[in-house]
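# Geometric and topological summary
Now for the letters of each chain:
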Amino acid sequence: MPVTRIATLLKNGQPGTSINARGWVRTRRDSKNGFSFIELNDGSCMRNLQIVVENSVPGYEDSIRSVTTGASISVDGVLKESPGKGQRIELHATSLTVLGAADPQTYPLQKKGHTFEFLRDIAHLRPRTNTFGAVARVRNRISWSIHSFFQNRGFLYLNTPIITTSDCEGAGEMFQVTTLDLAMLARKQIESIDWKQDFFGKPASLTVSGQLEAETYATAIGDCYTFGPTFRAENSNTTRHLAEFWMVEPEMPFYDLEDNMALAESFIRTMVSDVLEHCAEDMEFFSQRIDPGVMARLETIRTKDFIRLPYTEAIEIIQRSGRKFDYAVQWGSDLQTEHERFLTEEHFGQPVILYNYPRTLKPFYMRCNEDGKTVRAMDVLVPGVGEIIGGSQREERLDVLVQRMGECHLNPDDYWWYTDLRKYGTVPHAGFGLGLERAVLLITGMTNIRDVIPFPRTPGHAEF
RNA sequence: UCCUCUGUAGCUCAGCUGGUAGAGCAGGCGGCUGUUAACCGCCGGGUCGUAGGUUCGAGUCCUACCGGAGGAGCCA
């Protein structure tokens, strides 16, 4: 008997076909007239398959009682048109097997009404809920879309190292990787660590970005992108930060900042379009249950050109707005979250790409403009999420790069291989980084980043 | 890390100005029903986050600690 996933059954299943369905019970309703309705979900889609089990089915009396919310079952039966409302077809069981019972006294998930906070504590079971099933499917589609976007443009998928010994871009605190016996070192109360004794012979960390390594391939084999886990040991506790998250980092030779912005915009638009096209049912759910404004926001992204605004003009807009902000802005100061929200959510009401930031605000590798004050950086800000992409044209001139390293208190010797790229056959190039989870937030309308990654890692939390 | 809020039954919450705990859902039992967040009735279930303190008396007030959430900083 063919095993068919419920998504396919509900779409293409024809009355009269004999099939097998397997999955997890969402709920059961009994009729004392001698049959039961089972709502079965197998994760392939939002909707459930309704199963009708007559008491004439072998073992009905024994097994139906353990068909409770959360139980796993396998059902053979025949598809029939459903006389009831709410479903085109339903499965009339000819045999029912309970694969695994779920004690209703202890099974934490109920038919309705759980907070995301509660579900976070049972992250191993929350994918069995509508919301987290939908998030998982949309996240999967976004990942697929990322690969197809770049592959369709001839980009090379590049795996940059997870473990690194370069403190690249000084982008925040890093997780140290060591095989040294810390407990023993603590007992010895030694004054300094002999890193030669460590696994790599020097301090090593988990990567905070694959950018610098990606540049080496971009300047050799052309357009490429990384897509992998990224780690930040910042003690940040917000709805937008994770200690472990997934980042996409394309890097393109011969691109200037304009090209970079165009690619970023096209990239986001493609992800949004793909999800709208392929996850319509899940998006319907997000629109109805999670964020009523999500569809309008995505439609704007899909159809309207992003605003491109130099940092200097952004400052002027904020200053002229007459709005009271907790933090005043002046040229040279970093934009606060409240300013970014004002720009993207209120003033423009759509994605905004800010570019040409003061050099003092940005890392050493961003290309200096001729004005001597700004660098060719760009941040893509979107409503509800804030910064979703950060990128820049890279500084390809060796002398300027080395000078900038000095300004940022970095030792060029530590980046010898990176400066070599400028020493030998340097080219203008650019790239950016997109936080996958922030993209999932944007597209689903979910508000907490901890709910769009299967097992979130945040300060004090690495359960599961 | 800072600021604010919060911690009462398995879950979601109520409990007003202090007088020793309630509802809905879930669970059990019974009834009804081609049902679909099913419905109706009954029943079981809580040392009110922890430790102190004020008081004749604390879920309710005070202090500390421990969870959780939101905002800020940092950034993707």
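See the structure printed just above.
Anyway, here's the lowdown on the structure attached to this text. (Residues numbered from 1 in each chain as written. Chains lettered and ligands numbered in written order. Predicted model: local features only at pLDDT ≥ 70, side-chain atom pairs only at ≥ 80, totals over all residues. Heavy atoms only, no water.)

## Examining the protein's contact with RNA strand B
To be explicit about the condition: Think of it this way: one heavy atom of a residue within 4 Å of a molecule or strand is enough to make that residue near it. Here a polar contact means two N or O atoms within 3.5 Å. Within protein one must be a hydrogen donor candidate and the other an acceptor candidate, and residues neighboring in sequence count only if both atoms are side-chain atoms. Under the DSSP-based scheme used, a helix requires at least four consecutive residues in state H or I and a strand at least two consecutive residues in state E, with every element numbered from the N terminus. In this classification, Asp, Glu, Lys and Arg are treated as charged, Ala, Val, Leu, Ile, Met, Phe, Trp, Tyr, Cys and Pro as nonpolar, and every other residue, Gly included, as polar.
Around RNA strand B sit 54 residues, and of these Lys 85, Glu 90, Thr 238, Arg 438 and His 461 come closest. The sugar-phosphate share of atoms of RNA strand B within 4 Å of the protein amounts to 50%. Taking Gln 87, its side chain carries an N or O atom lying 3.0 Å from a base oxygen of RNA strand B. Tyr 327 is positioned such that a nitrogen or oxygen atom in its side chain is 3.5 Å from a sugar or linking oxygen of RNA strand B. Those elements that place two or more of their residues in the surface near RNA strand B are strand 1 (18-31), strand 2 (35-41), strand 3 (49-54), strand 5 (89-100), helix 3 (116-121), strand 11 (244-253) and strand 15 (386-393). The element that contributes the greatest number of residues to the surface near RNA strand B is strand 15, accounting for four residues. Its residues assigned to classes, the surface near RNA strand B shows twelve nonpolar, 24 polar and 18 charged.

## Structural notes on the sheet that holds strand 10 (residues 224-231)
The following threshold applies: At least two bridges found by DSSP between two strands are what make those strands a pair. Contact criterion: two residues are considered in contact whenever any of their non-hydrogen atoms come within 4.5 Å of each other. Note on geometry: axes are C-alpha line fits, over the in-contact stretch for helices, and angles between N-to-C directions span 0 to 180 degrees.
With mixed pairing, the eight strands of this open sheet are ordered in space as 6-10-11-16-15-14-13-12. In this open sheet, the two strands that pair with only one neighbour each are strand 6 (156-157) and strand 12 (307-310). Bridging between strand 6 and strand 10 involves two bridges; their strand directions are parallel. Paired with Tyr 157 across the two strands is Tyr 225, which belongs to strand 10. Across the sheet, helix 10 (residues 311-320) lies against strand 12 and strand 13 (352-358), angled at about 90° from strand 12, the strand it touches most.

## Here we look at the packing of helix 10 against helix 11 (residues 337-347)
What counts is decided by this rule: Each angle gets one of four labels, with under 35 degrees taken as roughly parallel, over 145 as roughly antiparallel, 65 to 115 as roughly perpendicular, and the rest as oblique.
At a closest axis distance of 11 Å, the pairing of helix 10 and helix 11 adopts a crossing angle of 80°. In this view, helix 10 runs roughly perpendicular relative to helix 11, as classed from their interaxial angle. Judged by residue contacts, Ala 314, Ile 317 and Ile 318 of helix 10 engage His 339, Phe 342, Leu 343 and His 347 from helix 11. When grouped by side-chain class, the residues that make up the contact of helix 10 with helix 11 number five nonpolar, two polar and no charged.

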